[in-house]
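Breakdown of the fold
Next come the chains, spelled out residue by residue.
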Amino acid sequence: MFSEPMKLPKGTSAPYMHWTFCKKMCGTKKSRMVFDGARNRNQTTLGYTYANSVDAPSERLFWALTAKFGLTAVGADVSNAFAEAPAPEAPVYMYIDEFFRDWWENHLGRPKIPEDCNVVRVCKAIQGHPESPRLWEKHIDKILQEAGFKPTKHEPCLYSATVKGELVLFLRQVDDFSVSAKSTSLCSDIIKYINSKMSMDVKDLGIIGRFNGVDVFQTKHYVKIICER
């Protein structure tokens, strides 16, 4: 993810590390160090930053097809997804802080960082950088298409494939996935395949009860979705 700490190369600039803290709906507390992309907004174009995301009609279509064909949807989540994708073409540096130094030395067990080494180069896509969403989308799209999935012409986040003679639907919303098939074991096989292409484990969340802010009730006879604002 990061190079060895170094001095900032001449003629380059770097933002400071930015830390975010949140508490998920399940109660889990998370902290994450991200790139301060505000400084790069005027240095990148839409062609390098645009990434598709699921809209409401497409999500309803996924659940309608799941119900029509009698499928069951299983969820999956990629941990730190952006870090799975390659870094932007232009070198990206970040100033390190005391928290990074503590993590480097005490968590990773690496040698003490010299005081004059003030930056690290980012070797993967990182949350907060304007190009990271598109880099991740291209990365996961390649994995899915290599597995035989084809994106819907007008909805790049909705895929379909025939696996082991069965219809499989796949919906991705950034790092959250919903996989629908006749059997949950086939859904899990798809998730395991994606997991084999990642450096960190992909979480198999089991039969979906909530996806992309929508509550989902799956039965043998119908699928019910509820979105409360």
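A brief structural summary. (Residues numbered from 1 in each chain as written. Predicted model: local features only at pLDDT ≥ 70, side-chain atom pairs only at ≥ 80, totals over all residues. Heavy atoms only, no water.)

Time to look at the nonpolar core. Residues W136, F170 and I194 are the most contacted members of the largest nonpolar core, which totals 28 residues. Breaking this core down by element, the ones donating at least two residues are strand 3 (72-78), helix 4 (132-146), strand 7 (155-163), strand 8 (166-173), strand 9 (176-181) and helix 5 (184-196). Beyond its immediate stretch of four places on either side in the chain, W136 contacts V78, A81, F82, E84, A85, V174, D175, F177 and M198. Among the nonpolar cores identified, the runner-up in size contains 14 residues, and M17, I96, W104 and C117 belong to it. (Core = buried A, V, L, I, M, F, W, Y, C linked by side-chain atoms within 4.5 Å. Buried < 20%, exposed > 50% of the residue type's maximum accessible area, 1.4 Å probe, protein only. Helix = DSSP H or I, 4+ residues; strand = E, 2+ residues; numbered from the N terminus. Contact = heavy atoms within 4.5 Å.)

This part covers the pattern of salt bridges. Inspection of every chain in the model, using the stated rule, returns five salt bridges. Between D116 and K7 there is a salt bridge; the shortest N-O distance is 3.5 Å. Of the two residues, D116 sits in the loop between helix 3 (98-107) and strand 5 (119-121) while K7 sits in the segment before strand 1 (18-23), which places them 109 residues apart along the sequence. Between R172 and E137 there is a salt bridge, with its nearest N and O atoms 3.0 Å apart. Placement of the pair is R172 in strand 8 and E137 in helix 4, with a sequence separation of 35 residues. (Salt bridge = Lys/Arg side-chain N within 4 Å of Asp/Glu carboxyl O.)

Below, the discussion takes up the environment of R134. Here R134 lies in helix 4. For R134, a relative accessible area of 27% gives the class partly exposed. For the pair R134 and A51, spaced 83 residues apart in sequence, the C-alpha to C-alpha distance is 4.7 Å.

Going through the model one piece at a time under the given rule, you end up with 11 aromatic pairs. Here the aromatic rings of F100 and W103 are separated by 5.4 Å at their centres, their planes lie at 55°, and the arrangement is tilted. Pair noted here: F100 and W103 are both in helix 3, with a separation of three residues, about one helical turn. When the centroid spacing of 5.1 Å and the interplanar angle of 50° are considered together, the rings of F170 and F177 count as tilted. For F170, a relative accessible area of 0% corresponds to the buried category. For F177, a relative accessible area of 1% puts it in the buried group. Taken together, F2, F100, W103 and W104 form an aromatic cluster joined through their ring pairs. Looking at K68, its charged tip hangs above the ring of F69, at a distance of 5.8 Å from the centre. (Phe/Tyr/Trp six-rings, centres within 6.5 Å; stacked < 30°, edge-to-face > 60°. Lys NZ or Arg CZ within 6 Å of the ring centre and 35° of its normal.)

A word on the state of the cysteines. Cysteine pairs can be covalently joined through their sulfur atoms, and such a bond is termed a disulfide. Scanning the entire structure with this criterion turns up zero disulfides. C117 provides the cysteine sulfur closest to C123, a residue in no disulfide bond, and the two sulfurs are 15 Å apart. In this structure C187 is a free cysteine whose sulfur lies 18 Å from that of C157, the closest cysteine sulfur available. Owing to a relative accessible area of 0%, C187 belongs among the buried residues under this scheme. (Disulfide = S-S within 2.5 Å.)

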